Amino acid sequence: MSGRSLEQRIADRGLSQLVEGVAHDHAVTAADLLGRSRTKAVVAARHCLMRILRARGLSLPEIGYLLDRDHTTVLSALSEVRRLKQATRASADYERKLPLASAIRRGIRRGLREAG
């Protein structure tokens, strides 16, 4: 990838506040969100961020570049968000059983409200 840091890439696109907001909503740090951690909370926050960036019109390669991930990783994350969303609709108690789905949905709603 480019020699520019992730923080610089995010700042150049004016997305620093969004990253901080998603991190705060998910009780993780922005460094964790942009880093390599694969803990459940960080993954949920990162998936939420990817969904918001996609809703703002960024392409899969652009999102991948901003987060230092391959575009196929972004595609997989967005598919997982979609799957969780559909599963939540199908089962009333799914949200209780899988807090990740709820956390992702809350973050997406917040990010979309800020975008619109």
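Look above for the structure.
Quantities reported herein were computed from a predicted structural model and do not represent experimental measurements.

Asker: Just to check I follow, could you spell out the overall build of the protein for this structure?
Answerer: A count of helices and strands for the protein gives 8 helices and 0 strands. Element order for the protein, N to C, with α for helix and β for strand: α-α-α-α-α-α-α-α. Long-range pairs, those at least 24 residues apart, make up 53% of the contacts in the protein with a sequence separation of at least 6.

Asker: Before we go on, may I ask you to explain the side chain of Arg9 in this structure?
Answerer: Looking at the secondary structure, you find Arg9 in helix α1 (residues 6-12). A polar contact of 2.5 Å, which involves the side chain of Arg9, links it to the backbone oxygen of Tyr65.

Asker: Would you take a moment to explain helix α2 (residues 16-25) for this structure?
Answerer: Because an α-helix packs 3.6 residues into every turn, residues spaced three or four apart end up facing the same way. Those residues of α2 that sit buried are Leu18, Val19, Gly21, Val22 and Ala23. Count one or two residues on from α2 and you reach Ala27, which has phi positive near 55°.

Asker: For this particular structure, what's the right way to read the packing of helix α4 (residues 40-55) against helix α5 (residues 60-67)?
Answerer: Two measures define how a pair of helices packs: the angle their axes make with one another and the distance between the axes. Packing of α4 against α5 brings their axes to within 10 Å, and their N-to-C directions diverge by 135°. Regarding the angle of α4 to α5, the classification is oblique. In the crossing of α4 with α5, the sense of the turn from one axis to the other is right-handed. Of the residues in α5, those in contact with Leu49, Met50, Leu53 and Arg54 of α4 are Leu60, Ile63 and Leu67. In terms of residue class, the contact of α4 with α5 is made up of 6 nonpolar, no polar and 1 charged.

Asker: What is the right way to look at the side chain of His26 in this model?
Answerer: Among the structural elements, His26 can be located in the loop between α2 and α3 (30-34). Residue His26 is classed as buried on the basis of its relative accessible area, which comes to 10%. Apart from residues lying up to four places away in sequence, His26 is in contact with Ala44, Ala45, Cys48, Ala103, Ile104 and Gly107.

Asker: Even after reading the chapter, I still don't get the environment of Ser37, so can you show me in this structure?
Answerer: Relative to the helices and strands, Ser37 is located in the loop between α3 and α4. The exposure class assigned to Ser37 is partly exposed, which follows from its relative accessible area of 23%. Residue contacts for Ser37: discarding those within four places in its chain leaves Val42 and Arg46. A distance of 3.4 Å separates a polar side-chain atom of Ser37 from the backbone nitrogen of Thr39.

The rules behind these values
Residues numbered from 1 in each chain as written. Predicted model: local features only at pLDDT ≥ 70, side-chain atom pairs only at ≥ 80, totals over all residues. Heavy atoms only, no water. Helix = DSSP H or I, 4+ residues; strand = E, 2+ residues; numbered from the N terminus. Contact = heavy atoms within 4.5 Å. Polar contact = N/O pair within 3.5 Å; in protein donor to acceptor, adjacent residues only side chain to side chain. Buried < 20%, exposed > 50% of the residue type's maximum accessible area, 1.4 Å probe, protein only. Axes fitted to C-alpha atoms, helices over the stretch in contact; angles between N-to-C directions. Parallel < 35°, antiparallel > 145°, perpendicular 65-115°, else oblique. Left-handed = near helix turned anticlockwise from the far one by under 90°. Nonpolar A, V, L, I, M, F, W, Y, C, P; charged D, E, K, R; others polar.

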